[in-house]
Amino acid sequence: MKIKRALTFLTACTLATTLVACGSTPDANTTDAGADASSLSGSVSLGGSTSVEKVIGALSESFMEANPSVDVSYSPTGSGAGITGAAEGTLDLGLSSRALKDEETAKGLTATTFALDGIAIVVNLENPVADLSLEQIKGLADGTITNWKEVGGNDAPVVLIGREAGSGTRDGFESIVDVKDQCKYEQELTSTGAVIAGVAANPNAFGYASLASVDETIKAVTVDGVAATEETVQDGSYQIQRPFVLVTKKDAQLSAPAQAFLDYAVSDAADDLIAQAGAVPMK
């Protein structure tokens, strides 16, 4: 990551007259690209994963404070839409909460990871289950386990609530747990917030949600004894995790504001904001 950030910074230092001297040190009030707030202007159109909404909101607000002549907009439409928007040029930067697939990179798309996220396994507050193995989670998801008593819970049916097809959270969960196209969903919802609300409302439900989105209305269980935290995601001991990425086209030059925003998102200056928003900064 240090190498990537160093290369990003050196590239930023060549950006015409919109950049200040490369020797400056970024802080919370300047972009890592060194953009001069008095000259950088325009707009940055972002869209994609709903899981990154809090993080992008925090980064956008900080970036616009440092660059008052730049307007950053974000449309939380899902990872699939973010990737498509980047490919078609309707977005300056797409947001995805999963890595790009081979067929997507083959189309000239590239992904820049700016944060990590644990995918928490969440249950209703009334559910006594506190820990699940990866194998048990697989069984609960694909219908092999149909009653909570089989994993130490109440004598009650298992209800799986998850995201819609195309969701980065769903893709991450199903790929890691090895249940691709096998899940027995009771409900398929279009946002992480809706999944949390659904689990909170049903004592027999379980689902998956971005670590950044977990709140006091539901309970995140440990996975093989490991809780989803910043430390366990960074060190890899928490198994169900994924990248947050900015998606661009290799052959399309970004506008100065879009490039400056991308550089800021992967800079050390963004780490505290990423952590405060509930995601995990890169090491």
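Residues numbered from 1 in each chain as written. Predicted model: local features only at pLDDT ≥ 70, side-chain atom pairs only at ≥ 80, totals over all residues. Heavy atoms only, no water.

Another aspect to go through is the packing of helix H2 (residues 53-66) against helix H9 (residues 256-265). The interhelical angle for the contact between H2 and H9, taken along N-to-C directions, is 120°, at an axis separation of 11 Å. When the interaxial angle is binned, H2 and H9 end up oblique. The hand of the H2/H9 crossing is right-handed. For the pair H2 and H9, the contacting residues are Ile56, Leu59, Ser60, Ser62 and Phe63 in the first and Pro257, Ala260, Phe261, Tyr264 and Ala265 in the second. (Axes fitted to C-alpha atoms, helices over the stretch in contact; angles between N-to-C directions. Helix = DSSP H or I, 4+ residues; strand = E, 2+ residues; numbered from the N terminus. Parallel < 35°, antiparallel > 145°, perpendicular 65-115°, else oblique. Left-handed = near helix turned anticlockwise from the far one by under 90°. Contact = heavy atoms within 4.5 Å.)

Within an α-helix, residues lying three or four positions from one another point in the same direction, as the helix has 3.6 residues per turn. With 8 of 10 residues buried, helix H6 (residues 168-177) is to be regarded as a mostly interior element. N-capping of H6 is provided by Ser167, with a side-chain oxygen placed 3.2 Å from the backbone N of Thr169. Phi turns positive, to about 65°, at Asp178, one or two residues after H6. (Buried < 20%, exposed > 50% of the residue type's maximum accessible area, 1.4 Å probe, protein only. Polar contact = N/O pair within 3.5 Å; in protein donor to acceptor, adjacent residues only side chain to side chain.)

Axis separation between helix H5 (residues 134-142) and H6 bottoms out at 10 Å; the angle between their running directions is 120°. Judged by the inter-axis angle, H5 sits oblique to H6. Considering only the axes of H5 and H6, their crossing is left-handed. Of the residues in H6, those touching H5 at Leu134, Ile137, Lys138 and Ala141 are Phe173, Ile176 and Val177. Among the residues making up the contact of H5 with H6, the classes are represented as 6 nonpolar, no polar and 1 charged. (Nonpolar A, V, L, I, M, F, W, Y, C, P; charged D, E, K, R; others polar.)

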